[in-house]
Amino acid sequence: MEGFRRKEVVEWVWDTSPILLPLAYEAREENAIVAAFTIAEYCGSKVVVYHVRNDADTEVARERALRLLDEHANTFKVKYEVKESNKVVDADNIAYISKSIVEAAKEADCQAIVMSAHRASFLRELLGRIPDRVARKADTRVILVESAFKGARITRPPRKIMVAILENKFYRDALILASIFTSSLSAPDCELIAVNVLKLPEATPIDAIERSKVFRKIEREFAHKVASAIASLGRLFTPRILPVRDVGRDVASFVSDEGVELIIMGSGKPGRLGPVLTKDEYAIVKKAGCVALIVIPPKNR
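Report on the accompanying structure. (Residues numbered from 1 in each chain as written. Predicted model: local features only at pLDDT ≥ 70, side-chain atom pairs only at ≥ 80, totals over all residues. Heavy atoms only, no water.)

Our next topic: the overall build of the chain. Scanning the chain from terminus to terminus reveals eleven helices and ten strands. Counting across all 301 residues of the chain, residues that qualify as buried make up 50%. Taking contacts inside the chain between residues at least 6 apart in sequence as the whole, the part at least 24 apart equals 82%. Accessible surface for the chain amounts to roughly 15,100 Å². Of this, 52% is attributable to carbon and sulfur atoms. (Helix = DSSP H or I, 4+ residues; strand = E, 2+ residues; numbered from the N terminus. Buried < 20%, exposed > 50% of the residue type's maximum accessible area, 1.4 Å probe, protein only. Contact = heavy atoms within 4.5 Å. Areas by Shrake-Rupley, 256 points an atom, 1.4 Å probe, with all protein chains shown as cover.)

So, in C-alpha cells, the structure goes:
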C-alpha cells in the first residue's frame, strides 16, 4: 500500500475543481480568458470569473468584457459564472485587490488561479504587481499569463509550444499545462518541444561545450526525463538542449527561428521579498515575442 500511495502523489494530472479567472474589464485580458477556458475545457471544470469592483470601471467596459466571456465560453463549451466584489475600491489599492482574489479562490475551492500579468512601471514592479502578490499568497497554483508585447495573442490552436526548463529544474505542472493545450479538444496537431536552457560562461565556446562529455551526459539525462513525461502524459515532446550566454536574447532568437507561438515555464514559489520570477525568467518574458504562461506552485508545495 505504501508504494501505491507514493505513486498517487506523482500522478501527472489536474482535477475537475474550478478555475478562478480574476478579470479586469479591459480588452488586454483576452489571453487570460483563453488560457483559463482551455484548462477548464480539458479538466471538465467550471470557470469562476472574479472582478474586484473599482473606481476605474465603466459600464461600457463591463458589457464588452461579458460579451467576450460569453463568446469564448461558447467556443470552448465550458460553464462559467461571474462574481463581483461588494466593495468598490480605488483601482490602485493593490493590497486589497490581491487579497480579495486569494480569498475568492479559497472560497470557491479552486485548483488554479489564471490571471494576466502585464508589464508595469518600474516602481509598480518593484513593489509588486497584483498578480505577483497573488502568486506569493495563494494556497493554490497560479498561472501568470505574461505578454510583454502589445498585440501578442494565444493563437488557437497554437502550432508550436515550447516548455522552457531553466537551471535544469523540471516542473511537472509546466509539462501538464503544455499537454492541456495540445489535447484532442484544443490542438491535436501542435508540436511540443521541451527545451533545456543551458547557461554558459561568457568565454566558453559553444561548439566545444556541445562536443564535451558533460554536455552529452546532460543531453542523455534530459532525454530520459522527457521520455518519462511522454509516458505519463501521452503527449510527444521533442527534447532540445539550448546552450546560451544571454538567456533573454538567445531564447528570444530561438523562439523566433523555431516559430514558437506559446512559451510555458514553471517557477518556484516566491518568498515574501524580492522578485516573483527569477532574472532569467523575466528576461525571457520581456524579450520573447509571444505569450508566456508561468506556472507557480501552491504555497504548501
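Within strand β9 (residues 262–266), five of the five residues are buried, which leaves it mostly tucked inside the rest of the structure. The two faces of β9 match: Leu262, Ile264 and Gly266 on one face and Ile263 and Met265 on the other face are all buried. The pairing of strand β6 (residues 160–166) with β9 spans four bridges and is classified as parallel. Paired with Met162 across the strands is Ile263, a residue of β9. Strand direction decides the pairing type here: β9 and strand β10 (residues 291–296), joined by five bridges, are parallel. Across the sheet, residue Ile264 finds its bridge partner in β10, namely Leu293. (Pairing = 2+ DSSP bridges.)

What follows covers the sheet that holds strand β4 (residues 112–116). Ordered by their spatial adjacency, ten strands build an open sheet running β3-β2-β1-β4-β5-β10-β9-β6-β7-β8, and the pairing between neighbours is mixed. On the outer flanks of this sheet lie β3 (80–84) and β8 (237–244), each paired with one strand and no other. Geometrically, the sheet is characterised by an average inter-axis angle of 25 degrees between neighbouring strands, direction not taken into account. Two strands pair when backbone bridges link them, and strand β5 (residues 141–146) and β10 are joined in this way by five bridges, in the antiparallel orientation. Bridge pairing in β10 links Glu146 to Ala292. Along the sheet, helix α6 (residues 130–137) makes contact with β4, β5 and β10, crossing β4 at roughly 165 degrees. Lying on the sheet, helix α11 (residues 279–287) is in contact with β5, β6, β7 (191–199), β9 and β10; it crosses β9 at an angle near 170 degrees. (Axes fitted to C-alpha atoms, helices over the stretch in contact; angles between N-to-C directions.)

This paragraph deals with the environment of Glu202. As for its placement among the helices and strands, Glu202 is situated in the loop between β7 and α8 (206–210). It is 6.0 Å that separates the C-alpha atoms of Glu202 and Arg245, two residues lying 43 residues apart in sequence.

Time to look at the packing of aromatic side chains. Counted under the stated rule, the structure contains three aromatic pairs. For the ring pair Phe37 and Phe76, a centre distance of 6.2 Å and an interplane angle of 85 degrees mean the geometry is edge-to-face. Placement of the pair is Phe37 in helix α2 (residues 30–43) and Phe76 in helix α3 (residues 59–76), with a sequence separation of 39 residues. Between Phe37 and Tyr80 the ring centres are 6.0 Å apart and the planes differ by 40 degrees, which places this aromatic pair in the tilted class. Here Phe37, found in helix α2, pairs with Tyr80, found in strand β3; they are 43 residues apart in sequence, far enough to count as distant. (Phe/Tyr/Trp six-rings, centres within 6.5 Å; stacked < 30°, edge-to-face > 60°.)

Remember that the coordinates give geometry; whether it matters functionally is a separate question.
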